[in-house]
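An overview of the molecular structure
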Amino acid sequence: MLRRGWRPVLVWLLLGLLGGAVVFVTAPRTYAATASVLVTDTGASQTTAVGERTTGGDVNLDTEAQLLKSADVVDRVLDAVGDSFDASTISTHVTVQVPANTTVLDITFTANSPERAQRGAEAFATAYLANRKETARESLAHLASSYETQLQAAQREQVQLRTELDNERGGDLAPGLQARLQTVSARIATLAEGLVTSQSTVVTPGRVINQPILPTHPASPNRTVLLGSGAALGLLAGLGISMYRERTRPRLDDEDDVQRELRVPGLCEVRGSATGLVPLVATPQSPQSLSFGQLRRRLDLLHDDQSAVRRIVVAPVSSDAAALHTAFNLAWQYAHAGVAARLVIDGGDPPPGITMRAVGEGTRLLRGHYQANGVLRTAATLEVFDLGGQAESATRVPEPENGVIVVCLRQTSPLVELVTSPGDVAVLLVQRRRDRAPAARQALKTLTAGGAIHVVGVVLHDPYPPATRWTSTVAPASENPGDEPDPIAADPPAPGADPEESRDPEDAEPGVPATAGNAVPVHDPDRDARPSPLWSPAALAGRHTMASRAIHRGWARNRSQPS
């Protein structure tokens, strides 16, 4: 899934990064300043550290952290800063943290400017210490007042007991009064000591150990967090979309995909040329020629009766041009080996380098011949027939004796039942990295709907340029004066004759070679979106007429000369 769906993953990853960058740029800046306050004992008890929190007799930092946001502290802060902050929301700008095993409060204040953040943190630290000092003093004053009240009562009780003891001197109550008097005297000493301690205690609420520093960088938004979050969300979205596409519309990139999704074997893989050109006929010993040879051998193994005429249907999923390229090279493989081969195409532009002529008058069936020269010369002449999109043209195609008929159908051809018969085999052509399994399944269903054709496998073809476009243009029935049938179009050339060698070089169209090695550019997505002037229907029709007339004049001159 990652290998085939990396494009949406990459796109969504970039979109996530872009979204994070947009949020970072547009989000309001927030600055933070921190003041550290050491909280000390006010004198009433000692402080101890337990676990991750600092607790003690009179000091509990969890409580102190909550008291820092109390109304008393906030009122002191507002008195210090004036109207710089909103009284209803100022407490939401301050946060308190207690470092583990310490008696320190880290007071952080956030604002929309560095100066306001520094001023707010300083104001809260000062107000907290002042409020704590005042609270401690009030507590000590209350304690001293309580000691003084109790001391006065104990002293009055002591005077009363001494009076009673003097009156009972030598009596039975004297021992009890003496014991009570000693107890009261001890309590008076304790109260007096407590009173002296409470009145002499120096209140130490704490101190600011780290003054807030003017921040130079905003605390939020955090660029790393936003970009990382955006990238993570984009990556998840890309993976999800790729997984969804792979589950619902899987692509067919190799033979394993074909076997898994279509339940039919892969016959061969046709790779693109390293030079960036796709010739009409693959040069022998080239990777494409080896692929087409492999296709022919596999089809031969599937054919039992070698004496009967074979019909092989090449049907594309989406690319008619790739189907024509495959069908022509498959037929050439048979003709090159000396097998009588015919290529039947269903309307449209003929392969480059072959002149198509009408077979008789009043018919749309066209015929052309291919023999070439050099290493591309065929041992048997390859005949190419164009049905012109008419059903009756299929009955006029002669069948070779012990030969092969390769039928190249268009994607939406209605003639699949007319040009085939029971026992014929079909090859489905799939464009690698473009065609998907649902479309291929639909093409298989269309081919096997009548039950006469057996799909034996799939040819995986690299994306092919849509240079040879199928059209409904039909060549005229005759190009001779007086509308007489052209004898050259009606009769095939004599055995061993090479129609391509008889072409007059001066009459040929500039830039169009006479051999079958005409090449067309490989697929270019940008070019596919706009009409190609070289391979537009109008340009192809003009080239078709010029080439036909040039070859006709050349053949006429050669036939008029003595051998």
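A brief report on the enclosed structure follows.

Definitions and cut-offs
- Residues numbered from 1 in each chain as written.
- Predicted model: local features only at pLDDT ≥ 70, side-chain atom pairs only at ≥ 80, totals over all residues.
- Heavy atoms only, no water.
- Buried < 20%, exposed > 50% of the residue type's maximum accessible area, 1.4 Å probe, protein only.
- Helix = DSSP H or I, 4+ residues; strand = E, 2+ residues; numbered from the N terminus.
- Pairing = 2+ DSSP bridges.
- Patch = residues over 30% accessible without salt bridge, like charges linked within 9 Å, V, L, I, M, F, W, Y side chains within 5 Å.
- Areas by Shrake-Rupley, 256 points an atom, 1.4 Å probe, with all protein chains shown as cover.
- Salt bridge = Lys/Arg side-chain N within 4 Å of Asp/Glu carboxyl O.
- Polar contact = N/O pair within 3.5 Å; in protein donor to acceptor, adjacent residues only side chain to side chain.
- Contact = heavy atoms within 4.5 Å.
- Expected span 1.5 Å × (residues − 1).
- Phe/Tyr/Trp six-rings, centres within 6.5 Å; stacked < 30°, edge-to-face > 60°.
- Lys NZ or Arg CZ within 6 Å of the ring centre and 35° of its normal.
- Axes fitted to C-alpha atoms, helices over the stretch in contact; angles between N-to-C directions.
- Parallel < 35°, antiparallel > 145°, perpendicular 65-115°, else oblique.
- Left-handed = near helix turned anticlockwise from the far one by under 90°.
- Nonpolar A, V, L, I, M, F, W, Y, C, P; charged D, E, K, R; others polar.

In terms of burial, strand β13 (residues 382-386) is largely enclosed, as five of its five residues are buried. Across the two faces of β13 the burial is the same, with L382, V384 and D386 and E383 and F385 all buried. The sheet contact formed by strand β10 (residues 341-345) and β13 spans four bridges and is parallel. Along β13, the bridge assignment pairs I345 with D386. The sheet contact formed by strand β12 (residues 366-370) and β13 spans five bridges and is antiparallel. When the sheet's bridge partners are listed, L366 is paired in β13 with D386.

Quick look at a nonpolar patch on the surface now. A cluster of nonpolar side chains, namely V11, W12, L15, L18 and V22, defines an oily patch on the protein surface of about 440 Å² accessible area. Along the chain, V22 falls in helix α1 (residues 6-26). Residue V22 is classed as partly exposed on the basis of its relative accessible area of 43%.

Secondary-structure assignment places E383 in strand β13. Here R342 takes part through its side chain, which lies 2.9 Å from a polar atom of the side chain of E383. When neighbours within four sequence positions are excluded, E383 is seen to be in contact with A341, R342, L343, R367, G368 and H369.

Helix length check: helix α5 (residues 174-200) (27 residues) gives 39 Å between terminal C-alpha atoms against 39 Å at 1.5 Å per residue, within 8%. Along α5, the positions that sit buried rather than exposed are A174, L177, L181, V184, I188, L191, G194, L195 and S198. Looking at the packing, one finds that the buried side of α5 touches α4 (114-167).

So, about the packing of aromatic side chains. A complete count under the given rule lists three aromatic pairs for this structure. Measuring from centroid to centroid gives 5.1 Å for F85 and F109, while their planes differ by 80°, and the two rings are edge-to-face. Of this pair, F85 sits in the loop between α3 (71-81) and β4 (94-97) while F109 is found in strand β5 (residues 104-111), placing the two residues 24 residues apart along the sequence. Given a relative accessible area of 0%, F109 falls into the buried group. Taken together through their ring pairs, the aromatic side chains of F85, F109 and F124 make up a single cluster. Note that R29 overlies the ring of F24, its terminal NZ or CZ placed 4.7 Å from the centroid.

What follows covers the sheet that holds β4. With antiparallel pairing, four strands are arranged side by side in an open sheet as β4-β5-β1-β6. Both edges of this open sheet fall to β4 and β6 (206-210), since each of them pairs with a single strand only. Ignoring strand direction, the axes of neighbouring strands in this sheet form an average angle of 30°. Looking at chain direction, strand β1 (residues 31-39) and β5 are connected through eight bridges and run antiparallel.

On the basis of which strands lie adjacent, the open sheet formed by nine strands has the order β7-β16-β15-β9-β14-β10-β13-β12-β11 and mixed pairing. Each edge of the open sheet carries a strand with a single partner, namely β7 (266-270) and β11 (357-358). Across five bridges, the pairing between β10 and strand β14 (residues 404-408) is parallel. Across the sheet, residue I345 finds its bridge partner in β14, namely C408. Of the strands in this sheet, β7, β9 (310-316), β15 (425-431) and β16 (454-461) are in contact with helix α8 (residues 287-302), which crosses β7 at around 165°. Sitting on the sheet, helix α9 (residues 320-336) is in contact with β9, β10, β12, β13, β14, β15 and β16, with an inclination near 155° to β9.

This paragraph deals with the packing of α4 against α5. With their axes 8 Å apart at the nearest point, α4 and α5 run at an angle of 160° to one another. What the angle tells us is that α4 and α5 run roughly antiparallel. α5 is crossed by α4, and the crossing has left-handed handedness. Partitioning the contact of α4 with α5 into residue classes produces 16 nonpolar, eight polar and six charged.

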